[in-house]
Amino acid sequence: RKEVEQDPGPFNVPEGATVAFNCTYSNSASQSFFWYRQDCRKEPKLLMSVYSSGNEDGRFTAQLNRASQYISLLIRDSKLSDSATYLCVVNGPTGGFKTIFGAGTRLFVKA
Amino acid sequence: DTAVSQTPKYLVTQMGNDKSIKCEQNLGHDTMYWYKQDSKKFLKIMFSYNNKELIINETVPNRFSPKSPDKAHLNLHINSLELGDSAVYFCASSQAVGASNEKLFFGSGTQLSVL
């Protein structure tokens, strides 16, 4: 089993749609979780951290379920500019600190 | 001002050559990294340095040698390049190591093509 697994997609959605991405991780001792965004031929950039209580940043909502070792990202009212690859990232455990990237989920938002 | 800058952006070379990629960060971070992103788009850590000291060395051939002259710089030298080394190499930095909530800041990448 891969340490961090994501549905590779691609997800093709119309503008204005709501889309959700899922990610699972294998190490129950993992400490922190993030979503990064990577545009084609560009570097990854931090989109948001993910907390157990769930967190929202504008149209983006991230959720963590530690019991199921599952992370999600919800994008509401998709924009053309949301087209990118979304990388699920898992850190830890502390002491053996290591950042693991998922392979990414590709999103295409179409007019 | 670019926070993490790496050069060159593109590197095309023949098998067997030796090449270097340079990276510098002006964020005042203590920790720097090299990541490799292959054709399948997996981002894998290669090395991590904290304050000029090597702290993570994944299973990377010893043809790859990182060098950190100071905590703001982490260069990557590759000897005897092979076809399989073709990938995008990203430099990154974070404020500290060992803090599991550390966020990474990436350079714009170096596309290495070995012919």
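Visitor: Which residues make up the interface of chain A and chain B, and what are the values?
Guide: Chain A puts 20 residues into the contact, and the matching count from chain B is 21 residues. With both sides pooled, the region where chain A packs onto chain B buries about 1,700 Å², and carbon together with sulfur makes up 60% of that total. Our count for the contact surface shared by chain A and chain B stands at zero salt bridges. Linking chain A with chain B are two residue pairs in polar contact (both at pLDDT 80 or more), by the criterion used here. Secondary-structure elements contributing two or more residues to the side of chain A that touches chain B are β4 (32-38), β5 (44-50), β9 (84-91) and β10 (99-101) of chain A. Among the elements that line the side of chain A that touches chain B, the one with the most residues is β4 of chain A, at four residues. Class assignment for the residues of the side of chain A that touches chain B results in eight nonpolar, seven polar and five charged.

Visitor: Please give an account of the sheet that holds strand β3 (residues 19-25) of chain B that cites residues and values.
Guide: Within a sheet, each strand pairs with its neighbour through backbone hydrogen bonds, oriented either parallel or antiparallel. Residues and elements named next belong to chain B. Ordered by their spatial adjacency, four strands build an open sheet running β1-β3-β8-β7, and the pairing between neighbours is antiparallel. Edge positions in the sheet fall to β1 (4-7) and β7 (64-70), since each of these pairs with one other strand and no more. Averaged over all pairs of adjacent strands, the angle between strand axes in this sheet comes to 15°, irrespective of strand direction. Of the pairings in the sheet, the one linking β3 to strand β8 (residues 73-78) comprises four bridges and is antiparallel in character. By the bridge assignment for β8, I21 is matched with L76.

Visitor: Can you tell me about the state of the cysteines, naming the residues and giving the values?
Guide: A full pass over the atoms with the stated rule returns two disulfides over all chains. Between the sulfur atoms of C23 of chain A and its disulfide partner C88 of chain A the distance amounts to 2.0 Å. Disulfide C23 of chain A-C88 of chain A: the torsion about the S-S bond is -75°, which places it as left-handed. Linking C23 of chain A in strand β3 (residues 19-25) with C88 of chain A in strand β9, this pair joins segments that are 65 residues apart in sequence. In terms of burial, C23 of chain A and C88 of chain A fall into one category: buried. At a sulfur-sulfur separation of 1.8 Å, the disulfide partner of C23 of chain B is C91 of chain B. Judged by the torsion about the S-S bond (-80°), the C23 of chain B/C91 of chain B disulfide is left-handed. Of this pair, C23 of chain B sits in strand β3 while C91 of chain B sits in strand β9 (residues 87-94), and the two are 68 residues apart along the sequence.

Visitor: So what's going on with the pattern of salt bridges? Residues and values would help.
Guide: Taken as a whole and judged by the stated rule, the model has seven salt bridges over all chains. With a shortest N-O distance of 2.9 Å, K79 of chain A and D77 of chain A are connected by a salt bridge. When the shortest N-O distance is used, the salt bridge between D85 of chain B and R63 of chain B registers 2.8 Å. Pair noted here: D85 of chain B is in the loop between β8 and β9 and R63 of chain B is in the loop between β6 (53-57) and β7, with a separation of 22 residues, a long-range link. For R63 of chain B, a relative accessible area of 15% gives the class buried. The structure contains a network of salt bridges with shared partners spanning R63, E82 and D85 of chain B.

Visitor: Outline the environment of A92 of chain B, listing residues and values.
Guide: Residue and element names in this part refer to chain B. Mapping A92 onto the fold places it in strand β9. For A92, a relative accessible area of 0% corresponds to the buried category. As a C-alpha pair, A92 and P61 span 31 residues in sequence and 20 Å in three-dimensional space. Not counting residues within four places of it along the chain, the set of residues in contact with A92 comprises T31, M32, Y33, Y35, F105 and F106.

Visitor: Please give an account of the pairing of strand β2 (residues 10-13) of chain B that cites residues and values.
Guide: All names here are of chain B. Along β2, the buried face is formed by L11 and T13; none of Y10 and V12, which line the opposite face, is buried. Of the strand pairs in this sheet, β2 and strand β11 (residues 110-114) are connected by four bridges, and their pairing is parallel. In the sheet register, L11 faces β11, and the bridge partner there is L112.

Procedures and definitions
- Residues numbered from 1 in each chain as written.
- Chains lettered and ligands numbered in written order.
- Predicted model: local features only at pLDDT ≥ 70, side-chain atom pairs only at ≥ 80, totals over all residues.
- Heavy atoms only, no water.
- Contact = heavy atoms within 4.5 Å.
- Buried area = accessible area lost by both parts, 1.4 Å probe.
- Salt bridge = Lys/Arg side-chain N within 4 Å of Asp/Glu carboxyl O.
- Polar contact = N/O pair within 3.5 Å; in protein donor to acceptor, adjacent residues only side chain to side chain.
- Helix = DSSP H or I, 4+ residues; strand = E, 2+ residues; numbered from the N terminus.
- Nonpolar A, V, L, I, M, F, W, Y, C, P; charged D, E, K, R; others polar.
- Pairing = 2+ DSSP bridges.
- Axes fitted to C-alpha atoms, helices over the stretch in contact; angles between N-to-C directions.
- Disulfide = S-S within 2.5 Å.
- Buried < 20%, exposed > 50% of the residue type's maximum accessible area, 1.4 Å probe, protein only.

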